[in-house]
Amino acid sequence: MKKGILLLLALFVLVIITGFQKQDFSDREAMIQAKVEERVNEYRRNLSRRCRDKVMKEAGIRVDSILIVRSEEIHTVDSIQRPDKPVKPNKPVVPLLEESEPIVPILKDRNDGTNY
């Protein structure tokens, strides 16, 4: 029983000794500062990229509209002329069938001579 009390007392003294030691927070502060700088730089890069994308999109729209306006002003002359339109053939004249003429199929069965 004395051994258990001595072991608990030794652990308690060890915890107290380590608790009163002066801790060095300089490394921790340096790590926090490095992480803050990394996040600030990442935010600036993202902001710069978004601004650049927005400016490039607006510039593309303006350039396209300028090109459309200029293309209407410039009259281009083609060196190759278009061929003339082909002449349409006349519509064939089909005589109307008389009402008394029966309409018969063209194909006939080879075996028994019946029409399809």
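The structure we're discussing is the one just above.
These remarks concern the structure in this document. (Residues numbered from 1 in each chain as written. Predicted model: local features only at pLDDT ≥ 70, side-chain atom pairs only at ≥ 80, totals over all residues. Heavy atoms only, no water.)

**Here's the deal with the overall build of the protein**
Argument step 1. Helices and strands together make up the secondary structure of the protein, namely two helices and zero strands.
Argument step 2. In the protein, which comprises 116 residues, the share counted as buried stands at 1%.
Argument step 3. About 13000 Å² of surface is accessible on the protein, with carbon and sulfur atoms providing 61% of the total. (Helix = DSSP H or I, 4+ residues; strand = E, 2+ residues; numbered from the N terminus. Buried < 20%, exposed > 50% of the residue type's maximum accessible area, 1.4 Å probe, protein only. Areas by Shrake-Rupley, 256 points an atom, 1.4 Å probe, with all protein chains shown as cover.)

**Regarding a nonpolar patch on the surface**
Argument step 1. Judged by side-chain polarity, Leu 6, Leu 9, Phe 12, Val 13, Ile 16, Ile 17 and Phe 20 come together as a nonpolar surface patch covering roughly 730 Å² of accessible area.
Argument step 2. Of note, Phe 12 is situated in helix α1 (residues 2-19). (Patch = residues over 30% accessible without salt bridge, like charges linked within 9 Å, V, L, I, M, F, W, Y side chains within 5 Å. Salt bridge = Lys/Arg side-chain N within 4 Å of Asp/Glu carboxyl O.)

**Digging into the pattern of salt bridges**
Argument step 1. Inspection of every chain in the model, using the stated rule, returns one salt bridge.
Argument step 2. Among the ionic pairs, Glu 58 bridges to Arg 62, the shortest N-O distance being 3.1 Å. Remark: Arg 62 and Glu 58 occur in helix α2 (residues 26-73); sequence separation between them is four residues, near one turn of the helix.
Argument step 3. We classify Glu 58 as partly exposed; its relative accessible area is 38%.

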